[in-house]
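# Survey of secondary and tertiary structure
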Amino acid sequence: MGWTASSGLPFSNSFNLPAVLRHRALIAAGIGCAFVAASTLRSTPFFSNRSTPFACLSSMSTDASIKEAVITDKAPAALGPYSQAIKANNTLFVSGVLGLIPETGKFVSDDVEEQTEQVLKNMGEILKASGASYSSVVKTTIMLADLKDFKKVNEIYAKYFPAPAPARSTYQVAALPLDARIEIECIAAL
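Heads up: these notes are all about the structure in this document. (Residues numbered from 1 in each chain as written. Predicted model: local features only at pLDDT ≥ 70, side-chain atom pairs only at ≥ 80, totals over all residues. Heavy atoms only, no water.)

All right, on to the overall build of the protein then. Helix and strand content of the protein: 6 helices and 6 strands. Along the chain direction, N to C, the helices and strands of the protein fall in the order α-α-α-α-β-β-β-α-β-α-β-β. With 190 residues in all, the protein has 33% of them scored as buried. Residue pairs at least 24 apart in sequence account for 63% of intrachain contacts in the protein once pairs closer than 6 positions are excluded. For the protein, the computed accessible surface area is about 11,100 Å², with 57% contributed by carbon and sulfur atoms. (Helix = DSSP H or I, 4+ residues; strand = E, 2+ residues; numbered from the N terminus. Buried < 20%, exposed > 50% of the residue type's maximum accessible area, 1.4 Å probe, protein only. Contact = heavy atoms within 4.5 Å. Areas by Shrake-Rupley, 256 points an atom, 1.4 Å probe, with all protein chains shown as cover.)

This is the structure in structure tokens:
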């Protein structure tokens, strides 16, 4: 733990840093120098009535109460130790969604078009359960078992997202859970 030149207090105590930063040693010289400089400036009369340097760091929290799990039985349950979606800081993070029928847990079919439709229906239910909609989505990531399905997926995808369409990345992956043909995750503004 470092010490400030002006106050003799540890960095972590003089800036009310969150626990995650307080318990990690400041090993980058640039960061350590910035804290020393800020602490020294803060103690001078000119800066004494100004806001705390690096005030944005004090708003960070590891408190679990700032995130909320979104759970709906109208979309397939998570296949492992993760949530269907998480709300945090007015943002919704939707986990990868598969083309499973919620009631049976089975794929709608082996067809990529039918799986894409089901994925987007399932995503819509998760969005609705969180108070969002397709128009709230700002970023999607599509994972395909075969990139040759790109055009087919685009035709279906375009029906769900109004203009301006969300930012998007699309990848061909080696494999998807349960041998799915497609998986889509998204981020939405709340």
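Attention now moves to the packing of aromatic side chains. Counting across every chain of the model gives 3 aromatic pairs. For the pair Tyr134 and Tyr160, a centre-to-centre distance of 5.3 Å together with 65° between the ring planes defines the contact as edge-to-face. On the criterion of sequence distance, the pair formed by Tyr134 in the loop between helix 5 (112-129) and strand 4 (137-144) and Tyr160 in helix 6 (residues 150-160) is long-range, its members being 26 residues apart. On the basis of an interplanar angle of 90° and a centroid distance of 5.6 Å, the ring pair of Tyr134 and Phe161 is categorised as edge-to-face. Here Tyr134 is found in the loop between helix 5 and strand 4, whereas its partner Phe161 is found in the loop between helix 6 and strand 5 (167-172), with 27 residues between them in sequence. Assessed through its relative accessible area of 7%, Phe161 is described here as buried. Pairwise contacts between aromatic rings join Tyr134, Tyr157, Tyr160 and Phe161 into one cluster. The lysine or arginine in question, Arg168, covers the ring of Tyr157, its NZ or CZ lying 4.6 Å from the ring centre. (Phe/Tyr/Trp six-rings, centres within 6.5 Å; stacked < 30°, edge-to-face > 60°. Lys NZ or Arg CZ within 6 Å of the ring centre and 35° of its normal.)

Position of Ser169 relative to the elements: it lies in strand 5. In this structure the side chain of Ser169 is engaged in a polar contact, spanning 2.9 Å, whose partner is the side chain of Lys139. Filtering out sequence-adjacent residues up to four positions away, Ser169 remains in contact with Lys139, Thr140, Thr141 and Ile142. (Polar contact = N/O pair within 3.5 Å; in protein donor to acceptor, adjacent residues only side chain to side chain.)

To continue, consider the pattern of salt bridges. Taken as a whole, this structure holds 4 salt bridges when the rule is applied. The shortest N-O distance in the salt bridge between Lys159 and Glu117 comes to 2.8 Å. With a gap of 42 residues between them, Lys159 in helix 6 and Glu117 in helix 5 connect regions that are remote in the sequence. Ionic pairing is found between Glu125 and Lys128, a salt bridge with its closest N-O pair at 3.8 Å. Placement of both Glu125 and Lys128 in helix 5 is noted, with a separation of 3 residues, approximately one turn of the helix. By relative accessible area, Glu125 is classed as partly exposed at 21%. In this structure Lys128 comes out as exposed when scored by relative accessible area, which is 55%. Members of the salt-bridge network, linked through shared partners, are Asp149, Lys152 and Arg181. (Salt bridge = Lys/Arg side-chain N within 4 Å of Asp/Glu carboxyl O.)

The 6 strands lie next to each other as 1-2-3-6-4-5, forming an open sheet whose pairing is mixed. Taken across any chain shown, the strands that pair with only one partner, and hence form the sheet edges, are strand 1 (67-70) and strand 5. Neighbouring strand axes in the sheet, compared pairwise and without regard to direction, differ in orientation by 15° on average. Pairing analysis gives 4 bridges linking strand 1 to strand 2 (residues 85-88), with the strands arranged antiparallel. Its bridge partner lying in strand 2, Ala69 is registered against Ile86. Of the strands in this sheet, strand 1, strand 2, strand 3 (91-97), strand 4 and strand 6 (182-189) are in contact with helix 5, which crosses strand 6 at around 30°. (Pairing = 2+ DSSP bridges. Axes fitted to C-alpha atoms, helices over the stretch in contact; angles between N-to-C directions.)

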